[in-house]
Amino acid sequence: MDAVVVKDIVKSYGDRRALDGVSISVKEGETLCIVGPNGAGKSTLLESLAGLVAPTAGSLSVMGRPVNGSDAQLAGQVGFMPQAPSVHTMLTVEENLELFARLNGTSEAVGSTIERLGLKGVRSQRADTLSFGYLQLLSLGVSLVHGPRVLLLDEPTASLYPSVRKRVWGIIREECEGGAAVLYATHTPEEGTADRGIVLEDGKIAFEGVMKDVRAHVLGD
Amino acid sequence: MSARTYWATRYGLLALTRDRPLLFLALVLPIATMMLGGIVFSHGLANVPLCITNEDVGSYGAKLVTEFDRSARFDMTETDRATCDAMLRDGTVAATVAVEANHTGRLSAEGRVDATVTVDNSLPFLGWLTMLECRKVLYAHLLDTFANDPPPALLHMRENDPFLSWVYGQVSAFITPERVYFIIGALLGTQERLVHLDPVFLHYYLPGLLTIAVVFTATTLASILVVRDREDGSLTRLLASPLTPGEYLASRMAVALLMSLVQITIILAVLGWYLGSKLSLLSLFAVLAVLALASCALGILVSTMAGNALHALEVAVLIIVVQILLGSMVFPNVIMPDAVRSIEPLLPATHSVAALREVILWKEPAGAQGPMSTLVVLAALWWGAAWMLLTYREQR
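Draft legend 1. Highlighting the overall build of chain A. Secondary structure summary: chain A contains 7 helices and 10 strands in total. A globule of 221 residues ought to have a C-alpha radius of gyration of about 17 Å, and chain A, at 17 Å, matches this closely. When the backbone C-alpha atoms are referred to their principal axes, chain A occupies close to 45 × 40 × 35 Å. The proportion of buried residues among the 221 residues of chain A is 51%.

Below, the structure is given as C-alpha cells:
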C-alpha cells in the first residue's frame, strides 16, 4: 500500500516556487532519500507532508488521508523531525519524550526509545544543557516515540559523529523493517538506508532512481 | 479540556516553573510593585525639606515659623531669602516660605496672611502636596489668630469640626480631591458632598494597583509563551503532532492563567490579612480572574504575532503602559482627546477598574457583572484572533 502519495505539488512564496510539480509515492516499509542543494525544496516537501505547509496546488495524502494541519488522527501516524533540533529546552530528555508520546495518546515506548537512542545517561538532563549530538538524537526520538507509520526526517544525521550516524541509520532501518514508510532529506547520499531516491533542484525532480544511480548522479561518478 | 491540551498544559507549566528569571519578572515583581504602591498610597507626606525666611518684625511672623517647625510634614531650615532661593534652585529644599515684612500688621488689620510660598513643581505630585501642606499651616495660623472671633468662612476650617477632622485623617501621599474642594469650597461658602466616604484610604487606589499587578503578570507571561516555543522549534513539533492549533493555544492560555491565578491568590491573601473583612475577597477574585483571562488572551495574541521574545516583551510592555495611561487607573482619562479615548473599550484595564470600583468603593459586586462580561468577550475575541493567526501563519 502507498503510505505517501504526492501529486503535482506546487508551493509558491510570492514569485518563487519552492516546489514545482513534484510527484512521488512511497510504500509502507520503503525508504525514500531526498537529495538536493540548499533551497532545492527538500524541507518544504517534508513540511508539506507533515501538514505544516499548505501547498499552492496539487495534492498530498498520507496513509490514504488527505494532508491538512488539523487532522489529529493523521498527525498521530506521522513522525516529523525538523532540520534543527526542535524540542522543549526547559524539559528533560525523558519529559520531552513523554510529552510527545502523551500527545499521541501513549507513553509506553518512552523507556525503550531512550534505550534505543543511547540517551540513558542523559535522560534526566534538561535539553538546553545537551550537546548538539544528543539534541539531534532526542529530536529523532521525539519523532519515533509514538510508533508512527510514516517518518519524515530532515537531515537526521547532520553534524553527528560517524559512530552515532551509524546508530541512527540502524534505527531508521529498524523502523522501515517494522513497516514504516521513511522519507529523509540529506546532503550525503553516499550513506543511508534508502531503497531509492529523488534529486530535487529548484523545486523540481531533476532525477529519480535507485540509490546507486542517485549517488552517481549527485556525485558525478 | 482534551487530554492533549492537558498534557501540553502540564509540561508547559513545568517548563515555565523552571524559568526562574521569567517567573521573577512576571510574578514576583508586580506583587512587589503593588506592595510598594500600597505603602506609598498609605502614607502621608513627611520630612519635606523646606526653607523659611522671616522678615516680619512682629510676633505673628515668629509664631508662623514655629508652626512650620512643629509640623511633621516639613524638615525646616530658617535662613535669609537669598539663601533659601539658592537652596530651592539647587534642589536642597522642595519649597520656600517667605514671611513678608508686614505680616503681623496685615494679619491684624486685614485678616490676611502676608507670606510667599514658592514650590518646586518640577516634581508635580510633591509640588502639589507641598503647596497644600503649606496652605494648611497658613490656614491653621489664620484660624489660630482669629480663634476668638473667626470670620464666617473660616468657621468651616476648624480642626475640631468632625467632618474636617475626618478629612484630615485621610491624609495620603496623593492629593485627595475632597481636600482641594473643601478648602476652595469653604472660602466660597459652598457645600460639598462626597460620593465615597470609605474609611480605608487605600481603597481609592486599590482598583488601579490590583489591575496593574494582574495586567503586568498575565500579559507578559502569555506574550512570551508562544514565541518561546517558536524560538526553540518546539512549536513546529507540537503543531506537527495531533495537538491542534486551538488546543495548543488553549494550553498556553491555561499556563499563563494558572500562574496569574496563583499571583492573584497571593495578593488577595496579603490584602485580606492587611484589611481584614472590609472587602469581598471572593468578588475581587472573580473580577481579577476575568481580568487575567482577558490579559492572557491579549498576551497570547501578541506572542502569536511577534517574531521573537524581545519583540513580544516590547509590545507587551507598550500595551501595559497604554493601559496605565488610558485605563483611568492612575490618570484621569476624561482629559484625553476623543481619538485617543476611542481605544479605551479595547483595554482590559478600563473594564477591570470599573468592575473593581463597583466592588471596592460602591460595595456592589452585582455592578461588576457588566464590565466582567465585556472582559470575557474581549478574551474570546483576542483568543480567536490568535487562533486564526496561528493557523494561517504556521501553515504557510
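Draft legend 2. Quick look at helix α5 (residues 103-110) of chain B. All names here are of chain B. Within α5, the full set of buried residues consists of H103, T104 and L107. The buried side chains of α5 occupy one side of the element, clustering within an arc of 100° when seen end-on. Opposite the buried face of α5, at more than 90 degrees from it, the exposed residues are A109 and E110.

Draft legend 3. Main features of the interface of chain A and chain B. Contacts between chain A and chain B engage 27 residues on the former and 22 residues on the latter. Taken together, the elements giving at least two residues each to the side of chain A that touches chain B come down to α2 (72-75) and α3 (93-103) of chain A. With 5 residues, the single largest contributor to the side of chain A that touches chain B is α3 of chain A.

Draft legend 4. Seen up close, the nonpolar core. Counting 147 residues, the largest nonpolar core has L152 of chain A together with A297 of chain B as its most contacted members. Broken down by element, this core gets its largest block of residues, 15 residues, from helix α10 (residues 206-231) of chain B. Dropping the residues within four chain positions of it, A297 of chain B is found in contact with M253, A379, W382 and W383 of chain B.

Cut-off values and rules
- Residues numbered from 1 in each chain as written.
- Chains lettered and ligands numbered in written order.
- Predicted model: local features only at pLDDT ≥ 70, side-chain atom pairs only at ≥ 80, totals over all residues.
- Helix = DSSP H or I, 4+ residues; strand = E, 2+ residues; numbered from the N terminus.
- Rg over C-alpha atoms; globule rule 2.2 N^0.38 Å.
- Buried ≥ 20, exposed ≤ 12 C-beta atoms within 10 Å, placed from the backbone.
- Arc of directions from axis to C-beta.
- Contact = placed C-beta atoms within 7 Å.
- Core = buried A, V, L, I, M, F, W, Y, C linked by C-beta atoms within 7 Å.

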